[in-house]
Amino acid sequence: MDANALPTPRRRSKRVQSTSKQSTNDDSSDNIVTPDIVQSNKRHKHMKGSTTKDTTSIKVEVVKSAIVKNAKMKVKRPSPAESYYVTAALSKLHPEIVDRNDERRKKAHQSCGSQDTITDSIMHTMLSQNTTDANKDRAWASLKRKFPTWDQVESCENLDEIESAIKVAGLAKTRAQRMQNILRQVKQERGEASLEYIRDFDDDKVKKELSRFKGLGPKTISCVLLFSLGRNEFPVDTHVLRITQKMGWISSGTNREQAYEYLNDNIPNEIKMDLHCLLVRHGKVCHKCAANGRPQFPPEDGSQLDCPLLKVSSWKGSVPGAFVVHLAKAYGDNTSSSAVAIKSEIVPDLPKSK
Ligand SMILES: [Zn+2]
C-alpha cells in the first residue's frame, strides 16, 4: 500500500498466486534444498573429524535445525539458488545472450581504453529510452553519420540538425537538447566534450556525478556502470520489473527504482549482467512473460516458448535439490568463469513447466 515501503518479496499479487495454484502438485516438496540447508551441510563438512560427537548425529542435528529454522524463517528472495536457477534456465533458452555477453567480457579484457566508450554508451542509452531497438539503432547510425565526434555535437549551433539526425527515435527535440547540454556542461567544466573521466570513479561517485545531468536516470546510470565500466550492477527495466514481480521476488506495487535498489543488493554479483540481459530478452519473446501476453518478438514459426519460470514463484525461494547440485557444480567456487560454466550443456533436466 505504502509506495515508499521497502519491497516485501514474499507478498505476491493475486495473479501470481493463481498461477502457482496450477502447480500445487509440486513433486519437489520433500526434495527441496534451501540456501540454509546447503550452508549447514557445508558447515558440517568442516566439523568432520574435529569433534567427539558421532558425525551421523551431528548431521541429523544440523539438518533438523536448518529445517526448523526454515519453517520459521521466510527465505529472503531472490535466494542465491533461485537466482542461479533462473540464469541457468534462461541461458539454456537464449544461449545467444550469454554468447554476446562473453564477447563483451572478452572485449573488456582486451580494451586498451583508447575509445571514448563511456560517452558513446551514455548517449546511446539516452537514445534507447522509450523507443524500439530498431528505431534506436537507426537514430544512432544517423547521428554518427552526421556527427562523427562528440565535439561536433557539442559545438553544433543549430539544434535542429541534431534533432533531425535522431528524429526516428522520437522525442527528438528533448533528446537533442539534453545530449548537447551534457556535452556542453562537461566541456565547460573539464575542457573536453567527453565523460571518459568517470572511468576511475567508484560506483557511488559515478552515480552522484551522472545524476547531475537531466535525462540520466537511475536505469541509464546503472547500464553505464554495468556495460561500460564493467561494474556489478543489475539495471531494472520494464521487462526485469515485470518478470521479477511475476516470480515473487519483489511485490507487485514495487516501482522500478525500488526494485533496482533491492535487487541490486540481492542478486549475486557474478550473474548480474547475464541475468539482466536474459530477463530483458525473455520478456520480449515469451508469451507467458511478455506484457499483456503479447511478446515484441514472438517465435517466427507461431509457436510459444516452453517457459522455465512458471514454477519459480511457487518454490518460494527454494529450488528442487537436483537443480541445486547441478548449479553448484556449474558454478563451484570459481565465479570468474561462471558465465561460461553456466552454458546450457551443464544445466540438464530443467523442469517441465506445463
Ligand atoms: Zn517466460
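Throughout, a residue's number is its position along its own chain's written sequence, starting from 1. Owing to the predicted nature of the model, reporting of local features is limited to residues with pLDDT of at least 70; listing and counting of side-chain atom pairs is limited to 80 or more, with chain, interface and lining totals taken over all residues.

*Asks:* What am I meant to see in the overall build of the protein here?
*Replies:* In terms of helices and strands, the protein carries 18 helices and 2 strands. Around each residue's C-beta, the other C-beta atoms within 10 Å are counted; 20 or more make the residue buried, 12 or fewer make it exposed, and counts in between make it partly exposed. All C-beta atoms are placed from the backbone. Counting the 354 residues in the protein, one finds 34% classified as buried. Throughout, a residue-residue contact means that the two C-beta atoms, derived from backbone geometry, are no farther apart than 7 Å. Long-range pairs, those at least 24 residues apart, make up 69% of the contacts in the protein between residues at least 6 apart in sequence. Helical segments are the DSSP runs of H or I of at least four residues, strand segments are the runs of E of at least two, and each set is numbered from the N terminus.

*Asks:* I keep staring at helix α14 (residues 256-266) and nothing clicks. Help me out?
*Replies:* Residues spaced three or four apart along an α-helix face the same direction, because each turn holds 3.6 residues. Regarding α14, the residues found buried are Ala259, Tyr260, Tyr262, Leu263 and Asn264. Contact partners of the buried residues in α14: α12 (218-228) and α13 (238-246).

*Asks:* Sorry, what's going on with the confidence of the model for the protein here?
*Replies:* Where the model shows low pLDDT, its predicted coordinates should not be examined in detail. Scored by pLDDT, the protein has a mean of 77; 67% of the residues are at 70 or more. Each residue carries a pLDDT score, the predictor's confidence in it, ranging from 0 to 100. Segment residues 1-52 is flagged for pLDDT under 50; beyond a separation of four residues in sequence, or across chains, it makes 68 contacts in the model. Low pLDDT, under 50, characterises residues 333-354; the stretch is placed with 41 contacts to residues that sit more than four places away or in other chains.

*Asks:* So what exactly am I meant to see when it comes to the environment of glutamine 258 here?
*Replies:* One can find glutamine 258 in helix α14. Since 19 C-beta atoms lie within 10 Å of it, glutamine 258 is described here as partly exposed. The sequence separation of glutamine 258 and valine 236 amounts to 22 residues, and the corresponding C-alpha distance is 9.5 Å.

*Asks:* Got a minute to help me understand unusual backbone geometry in this structure?
*Replies:* Excluding glycine, residues mostly carry a negative phi; peptide bonds, for their part, are mostly trans. Residues arginine 77 and proline 78 are joined by a peptide bond in cis, for which omega reads -5°. Tracing the backbone through its elements, the reader meets proline 78 in the loop between α3 (55-72) and α4 (80-93). Positive phi, close to 45°, is recorded for leucine 171, a residue that is not glycine. Here leucine 171 is to be found in the loop between α9 (159-165) and α10 (172-190). In this structure, asparagine 292 takes a positive phi of about 55° despite not being glycine. Residue placement: asparagine 292 occurs in the loop between α15 (272-285) and α16 (312-315).

*Asks:* Explanation requested: α15 in the structure shown.
*Replies:* The terminal C-alpha atoms of α15 lie 20 Å apart, and with 14 residues this matches the ideal 20 Å at 1.5 Å per residue to within 8%. The buried fraction of α15 amounts to 10 of the 14 residues, a majority that puts the element mostly inside the structure. Taken together, the buried positions of α15 are occupied by Lys272, Met273, Asp274, Leu275, His276, Cys277, Leu278, Leu279, His282 and Gly283. The span one expects for a helix is its residue count, reduced by one, times 1.5 Å.

*Asks:* Is there a simple way to think about the packing of helix α6 (residues 117-128) against helix α7 (residues 133-146) in this case?
*Replies:* Pairs of packed helices are described in terms of their axes, by the angle between the two and the distance that separates them. All axes are obtained by fitting lines to C-alpha atoms, using only the stretch in contact for helices, and the reported angles, taken between N-to-C directions, cover 0 to 180 degrees. For the pair α6 and α7, interaxial distance at closest approach is 9 Å and the crossing angle is 135°. The angle between α6 and α7 falls in the class oblique. The handedness of the crossing between α6 and α7 comes out as right-handed. For the pair α6 and α7, the contacting residues are His124, Leu127 and Ser128 in the first and Lys136, Ala139 and Trp140 in the second. As a working rule, the residues Ala, Val, Leu, Ile, Met, Phe, Trp, Tyr, Cys and Pro are called nonpolar, Asp, Glu, Lys and Arg charged, and the rest polar, with Gly in that last group. Here the contact of α6 with α7 is composed, by residue class, of 3 nonpolar, 2 polar and 1 charged. For classification purposes, an angle smaller than 35 degrees is called roughly parallel, one larger than 145 roughly antiparallel, one from 65 to 115 roughly perpendicular, and anything else oblique. Each crossing gets its handedness from the near helix: less than a right angle anticlockwise from the far helix is left-handed, clockwise is right-handed.

*Asks:* Quick question: what am I supposed to make of the packing of α4 against α15 here?
*Replies:* Close contact between α4 and α15 brings their axes to 10 Å; oriented N to C, the two are set at 55°. Taken together, α4 and α15 sit at an angle that is classed as oblique. In the packing of α4 onto α15, the handedness of the crossing is left-handed. In contact with Ser83, Val86, Thr87, Leu90 and Ser91 of α4, α15 contributes Asp274, Leu275, Leu278 and His282.

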